[in-house]
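Results of the structural survey
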Amino acid sequence: MSAKRSLRQGWLILQLLLAACFSQAAELVCSQNGDLESPQLVKDGDVMLGGLFSFHNNWKEREETYTEKPLPLQCTSLNFREFQLAQAMLFAIEEINNSSDLLPGVSLGYKIYDTCGFNARSVKVALALLNDYENVSAPSKECGRPAQVQAIMGEASSSPSTAIISHFATCACLSDKSKYPSFLRTIPSDYYQSRALAQLVKHFGWTWVGAVRTNDDYGNSGMATFTETAQHLGICLEYSVSFFRTDPADKIQKIINTIKASTSKVIVAFLSQADMDVIIHEFSSHNLTGYQWVGTEAWIFDFQTAAGDRNHILDGAVGLSIPKAHVSGLPEFILNVEPLFSSNNDLFTEFWETLFSCEFKPSYSVEIKTRCTGQEDLTGVENTFTDMSLMPIFNNMYKGVYAVAHALLQMTLMQQKQALKLSLLTLHVCCSIDFTDSVTCVRCPLESWSNENRDACIKKEFLSYNEIMGSLLTAASLFGTCMTVAVAVIFVAHRNTPLLRANNSELSFLLLFSLKLCFLCSLTFIGQPSEWSCMLRHTAFGITFVLCISCVLGKTIVVLMAFKATLPGRNVMKWFGPTQQRVSVLGFTLIQVIICILWLSISPPFPSKNFEGFKDKIILECSLGSAVGFWAVLGYIGFLAVLCFICAFLARKLPDNFNEAKFITFSMLIFCAVWITFIPAYVSSPGKFSVAVEIFAILASSFGLLVCIFIPKCYIMLIKPEKNTKKNMMGKGALK
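Model, not experiment: these values are computed from the prediction. One numbering rule holds for all chains: residues counted from 1, following each sequence as written. Local features are withheld for residues below a pLDDT of 70 in this predicted model, meaning they are given only at 70 or higher, and side-chain atom pairs are given and counted only at 80 or more; totals for whole chains, interfaces and linings count all residues. Note that the side-chain values use all heavy atoms of the structure and ignore hydrogens as well as water.

**Some words on the state of the cysteines**
Two cysteine sulfurs form a disulfide in these notes if their separation is within 2.5 Å. Going through the model one piece at a time under the given rule, you end up with three disulfides. Cysteine 358 shares a disulfide with cysteine 372; S-S distance 1.8 Å. Classification of the bridge connecting cysteine 358 and cysteine 372 rests on its S-S torsion, roughly 100 degrees, and on that basis the disulfide is right-handed. Separated by 14 residues along the polypeptide, cysteine 358 in strand β14 (residues 358-359) and cysteine 372 in the loop between β15 (370-371) and α12 (391-424) bring together distant segments of the chain. Grouping residues by exposure puts cysteine 358 and cysteine 372 together as buried. Each helix corresponds to a stretch of at least 4 residues labelled H or I by DSSP, and each strand to a stretch of at least 2 residues labelled E; elements are numbered beginning at the N terminus. When a residue's accessible area, from a 1.4 Å probe over protein chains only, is under 20% of the maximum for its type it is buried; when over 50% it is exposed; and in between it is partly exposed.

Set out below in structure tokens:
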């Protein structure tokens, strides 16, 4: 019977697909194929909403020959819960129509259908609502018909809910927007419930459990997620079985036999309320008790499920439910059933007879019922329809209708705004750029907008290689690098001359290397800021400059130590030989490396967009992240520069053969002057000019060190080689 049910659904869906194919192949001639589905409740309005509800939750199976058109679906088992949900939808619509704040002047209407819980029928009705084919009574060339409704509400089940707003469809599969782009819901996904159920089972220490699920998207997807999570938590499933309420009795009996033969006493039930009723009935028939049930929101807090458990099968069941809710006026509206009866629909005649256990026409059934008058009221009636325990679900339906209303309001406001813009280009006012005496707009690029005059786009600005200032700074950086390399080549060629031997050639080469890095690090400040360039530019600058100043400081200390070593009884050079010089440079640089690592770890620089200060520009810049980190890097450089300046100043009047200290003093004077003036210039410069100021400071101080310390030596080696002798080095004016 299950296979026949699937074949029947497949047959109906195939009919829909064939109808669509033939419609496209017939040169855009549209005609209605198959029987029309008539709505159970209709009300006209300016904007129409569709409603899909399983007023019946079952149907009669038939033997199909597949040689002729199937008979209409015969629905059975009236479902009062769905009537309550339909009433919740009508209540929200009536509230909105009577509101002067939400959608004023716009009335909402509805078309509500009974799907009988049958997936194929749900799809057929949904397509009819979306394509307005129920009005096609004769062949027509008007295939491009507008949708009857702007949104479809309803369907508690997940499988038929792929193109509607659902109040109770929780399948995590429906969150895939690539497959279900038009599906929305007002209830959380089972992605969370399934994992929470596994955590709940783990909390109680149940590690050997069984599982039963509804054989549809809701049950299969939810149980798959539960199983995956349970395995990670060390929970073992003895069995995992599935069924659908219309399955044949022998299949359900096999499931009962599986449960009977099992040793686990905990059952996780990922079932719909209708399928749970079937399980309870079977457990009662076989007198199966003593099981611990773990349930989902579909049945765990449903009064109808509890009321049907006369043999206390579910005693002690635990699970997850929807938070409680209260909607003022909704319970009273649901219980006002006269408008439903006055619709003169056969469905609501059946509803009335079932609700009040009466009948309008005498029947020959065994059960004798009273005659219905149509004047019955619900006073004293206690059944599923009068129970309000599912108010949280009714609230989800209520919220869904209001979500549609607010979306319609936003669409209306956007249309009005667009119409206003169009009615104004005569004033040359445009969404982006307009051309004088033209009605044409040109949209500005992403993350930009038009200026106040609507004649140009606000552009993103940063210091670029393509502009004049960026090109000049780049050229200066490369020139300084090449100049440093040229000096290094000259020093290598004359490395054995008295001049270089007397002025610590090892520190000189290390200083040239660090100066080259200083020139190159300025290039990281040019171009569009990125995450890596922002972190690199300040840290590279800080480390290379400390390396540079450490070398200069080492050379200065060597000058002082060498002078003291010439005094009688002094042998201080043994305390500051080549090894100590390398260690001091490494130590000073390592401190800056640690500062930079802490800065990048705690709050590193990052690219940002500055919208303030300019009306016609968006400034792309590097935010410092931690201002403390930035000023700590600069402060440490300043400390070493001042220390170096003091040492060089003290050594400026030493004998002339060691008068390199004079040039170091002058270079440090330039260095300190540049960076002292940098601070106010950097703080006050707007936009990309602050970056240019920082690059200028880097280049100016680097050129100062290169020219003051190395150019005099190059002058002697290249222009005055006769002075590059040991005799001259020991006399006066060697470097003058």
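What follows picks up the thread again.
**Observations regarding helix α3 (residues 119-131)**
In an α-helix, one turn spans 3.6 residues, which is why side chains three or four residues apart end up on the same side. If you check α3, its first and last C-alpha atoms are 18 Å apart, about what 13 residues at 1.5 Å a residue would give, namely 18 Å. Taken together, the buried positions of α3 are occupied by Ala120, Arg121, Ser122, Val125, Ala126, Ala128 and Leu129. Multiplying one less than the number of residues by 1.5 Å gives the expected span of a helix.

**Details of the pairing of strand β2 (residues 47-53)**
Buried residues dominate β2, accounting for seven of its seven residues. By the alternation rule, side chains of β2 split into Val47, Leu49, Gly51 and Phe53 and Met48, Gly50 and Leu52, which are all buried. We treat two strands as partners when DSSP finds at least two bridges between them. As paired elements, β2 and strand β5 (residues 108-114) share seven bridges and run parallel to each other. Among the inter-strand pairings, leucine 52 is bridged to a residue of β5, identified as tyrosine 113. The pairing of β2 with strand β6 (residues 151-154) spans four bridges and is classified as parallel. Across the sheet, residue leucine 52 finds its bridge partner in β6, namely glycine 154.

**Points about empty space enclosed by the protein**
In this structure, the second largest cavity encloses a volume near 70 Å³. The method works on a 1 Å grid over the protein atoms by themselves. A cavity is a set of points holding a 1.4 Å probe that cannot get out, a pocket is an open set with protein on both sides within 12 Å along at least five of seven lines, and residues with an atom within 4 Å of a point line them. In terms of lining residues, the second largest cavity is bounded by 13 residues, among which Leu463, Pro529, Leu620, Glu621 and Val691 are the most central. Of all the elements in the fold, those that place two or more residues in the lining of the second largest cavity are β20 (617-623) and α20 (688-718). It is β20 that contributes the most residues to the lining of the second largest cavity, four residues altogether. Basically, the charged four are Asp, Glu, Lys and Arg, the nonpolar ten are Ala, Val, Leu, Ile, Met, Phe, Trp, Tyr, Cys and Pro, and anything else, Gly included, counts as polar. The class makeup of the residues in the lining of the second largest cavity is eight nonpolar, two polar and three charged. Grid points are joined across faces, edges and corners, and a volume is the space filled by probe spheres set on the points.

**A short note on the nonpolar core**
In terms of nonpolar packing, the biggest core is built from 68 residues, with Phe541, Met668, Phe671, Trp675, Leu705 and Phe710 touching the most fellow members. In this structure, phenylalanine 671 is in contact with Phe545, Ile549, Ile637, Ala641, Ser701 and Leu705, ignoring residues within four places of it in sequence. Side-chain atoms within 4.5 Å are what join buried Ala, Val, Leu, Ile, Met, Phe, Trp, Tyr and Cys residues into a set we call a nonpolar core. Residues Leu78, Phe80, Ile96 and Val337 belong to the second largest nonpolar core, which totals 54 residues. When checking whether two residues touch, look at their non-hydrogen atoms; a contact exists if any pair is within 4.5 Å.

**A word on the sheet that holds strand β11 (residues 266-270)**
Either a parallel or an antiparallel arrangement is found when strands of a sheet pair, and the pairing is made through backbone hydrogen bonds. Taken in spatial order, the five strands make up an open sheet running β10-β9-β11-β12-β13, and their pairing is parallel. A single partner strand is all that each edge strand has here, and the edge strands are β10 (236-243) and β13 (318-319). Relative to β13, strand β12 (residues 292-295) runs parallel, the two being bridged by two bridges. Across the sheet, glycine 295 pairs through a bridge with glycine 319, a residue of β13. Together, β10 and β11 form the strand contacts of helix α6 (residues 249-261), whose direction differs from that of β10 by roughly 165 degrees. Axis lines are fitted to C-alpha atoms, over the contacting stretch for helices. Their N-to-C directions set the angle, which ranges from 0 to 180 degrees.

**A word on unusual backbone geometry**
Positive phi values are uncommon outside glycine, yet leucine 103 reaches one of about 55 degrees. Among the structural elements, leucine 103 can be located in the loop between α2 (80-97) and β5. Taking relative accessible area as the criterion, leucine 103 reaches 5% and is therefore assigned buried. The backbone of histidine 312 shows a phi angle near 60 degrees, a positive value even though the residue is not glycine. Among the structural elements, histidine 312 can be located in the loop between α8 (303-308) and β13.

**Quick look at the packing of helix α18 (residues 627-650) against helix α19 (residues 660-684)**
Their axes nearest at 9 Å, the elements α18 and α19 cross at an angle of 150 degrees. Here α19 runs roughly antiparallel to α18, going by the angle between their axes. The crossing of α18 and α19 is left-handed. Contacts between α18 and α19 pair Phe630, Trp631, Leu634, Ile637, Ala641, Cys644, Phe645, Ala648 and Phe649 from the former with Ala661, Ile664, Thr665, Met668, Leu669, Phe671, Cys672, Trp675, Phe678, Ile679 and Tyr682 from the latter. Here the residues of the contact of α18 with α19 sort into 19 nonpolar, one polar and no charged. Our angle categories are set so that under 35 degrees counts as roughly parallel, over 145 as roughly antiparallel, 65 to 115 as roughly perpendicular, and the remainder as oblique. Each helix crossing is assigned a hand: it is left-handed if the near helix lies turned anticlockwise from the far helix by less than a right angle, otherwise right-handed if that turn is clockwise.

**Details of the pattern of salt bridges**
The term salt bridge refers to a side-chain nitrogen of Lys or Arg lying within 4 Å of a carboxyl oxygen of Asp or Glu. By the definition in use, this model includes five salt bridges. Between aspartate 275 and arginine 245 there is a salt bridge whose closest N-O contact spans 3.5 Å. Here arginine 245 lies in the loop between β10 and α6 and aspartate 275 lies in helix α7 (residues 273-285), a separation of 30 residues in the sequence. We classify aspartate 275 as buried; its relative accessible area is 0%. For arginine 245, a relative accessible area of 14% gives the class buried. Among the salt bridges present, the one from glutamate 506 reaches arginine 582, with a minimum N-O distance of 2.6 Å. One end of the pair, glutamate 506, is in helix α15 (residues 505-521); the other, arginine 582, is in helix α17 (residues 578-602), with 76 residues separating them in the sequence.

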